[in-house]
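What follows is each chain in one-letter form.
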Amino acid sequence: MFTLILIAITALVSWLAFSNRKLSDRLILWPPAIDRHKQYDRLVTYGFLHADFSHLLFNMITLFFFGRTIERIMLQLTGHWWVYPAFYLAALVISILPSYLKNQKNPNYLSLGASGAVSAVLFAFVLVSPWSLIFVFFIPAPAILYAVFYVGYSIWMDKKGSDNVNHSAHLAGAAFGVMFMLFMSPDLLQHFMTNLMNPSFGR
């Protein structure tokens, strides 16, 4: 349920901000606003904005397919409905912190998008079901192989720095997703290793 609520709120805020520059300027991650004006809410609100419709669509489709599974698992493991939304909001903060700290005094730095939190959800799913087939641009691939490629590509592109994508947020979000799941249920590590050693595609 909360996955759908998050998608609805993100889609609505992003859609409104597409044509409302004032709203976008207030919600986007802009380090000086946090450093000088103490607008710490931007460490969360930036994740409800997107650059364009395709950016929004890609993130929300990914969240739709993997978020519902992680939401259900977290509820089963903890019995608390609030753990999943808290996880998602914390992922927004944690995934952007490296970029924010690096650019804390940079007035030209801006960041937006839910990619860091979506990466946390995706990698939480990989931990639970490493051999499940996921579709990457309509091509099926085992989740664990996609994860390895995703991490390698993100590290390479982060060092290269030749595009406007915040790859460090993707990496931080992915790491947070795995660590949160293991902190919540340490037995998941043994579950992951057992599944990894016994491939069963589609499981």
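Refer to the preceding data block for the structure.
Rules of the game
- Residues numbered from 1 in each chain as written.
- Predicted model: local features only at pLDDT ≥ 70, side-chain atom pairs only at ≥ 80, totals over all residues.
- Heavy atoms only, no water.
- Helix = DSSP H or I, 4+ residues; strand = E, 2+ residues; numbered from the N terminus.
- Rg over C-alpha atoms; globule rule 2.2 N^0.38 Å.
- Buried < 20%, exposed > 50% of the residue type's maximum accessible area, 1.4 Å probe, protein only.
- Phe/Tyr/Trp six-rings, centres within 6.5 Å; stacked < 30°, edge-to-face > 60°.
- Axes fitted to C-alpha atoms, helices over the stretch in contact; angles between N-to-C directions.
- Parallel < 35°, antiparallel > 145°, perpendicular 65-115°, else oblique.
- Left-handed = near helix turned anticlockwise from the far one by under 90°.
- Contact = heavy atoms within 4.5 Å.
- Nonpolar A, V, L, I, M, F, W, Y, C, P; charged D, E, K, R; others polar.

S.K.: What is the right way to read the overall build of the protein chain from this model?
M.R.: Helix and strand counts for the protein chain stand at 10 helices and two strands. Moving toward the C terminus, one meets the helices and strands of the protein chain in the order α-α-α-α-α-α-α-β-β-α-α-α. For 203 residues, the compact-globule estimate of 2.2 N^0.38 gives 17 Å, and the C-alpha radius of gyration of the protein chain, at 17 Å, lies within 12% of that figure. For the C-alpha atoms alone, the extent of the protein chain along its principal axes is close to 50 × 40 × 30 Å. Sorting the 203 residues of the protein chain into buried and exposed places 47% on the buried side.

S.K.: What am I meant to see in the packing of aromatic side chains here?
M.R.: Aromatic ring pairs are defined here through the distance separating the ring centres and the angle between the ring planes. This structure, assessed with the given rule, holds eight aromatic pairs. For the ring pair F64 and F65, a centre distance of 5.4 Å and an interplane angle of 80° mean the geometry is edge-to-face. Centroid distance F87 to F176: 5.8 Å. Interplanar angle 10°. Geometry classified as stacked. Here F176 lies in helix α9 (residues 167-184) and F87 lies in helix α6 (residues 83-102), a separation of 89 residues in the sequence.

S.K.: What is the right way to read the packing of α6 against helix α7 (residues 115-128) from this model?
M.R.: When two helices pack together, their arrangement is given by the angle between the helix axes and by the axis-to-axis distance. Between α6 and α7, the least distance of the axes is 7 Å, while the angle of their chain directions is 125°. The angle between α6 and α7 falls in the class oblique. With respect to the hand of their crossing, α6 and α7 are arranged in right-handed fashion. Counted together, Y84, F87, Y88, A91, L92 and S95 of α6 and G116, A117, A120, V121 and A124 of α7 form the full contact between these two elements. Considered class by class, the residues forming the contact of α6 with α7 number nine nonpolar, two polar and no charged.

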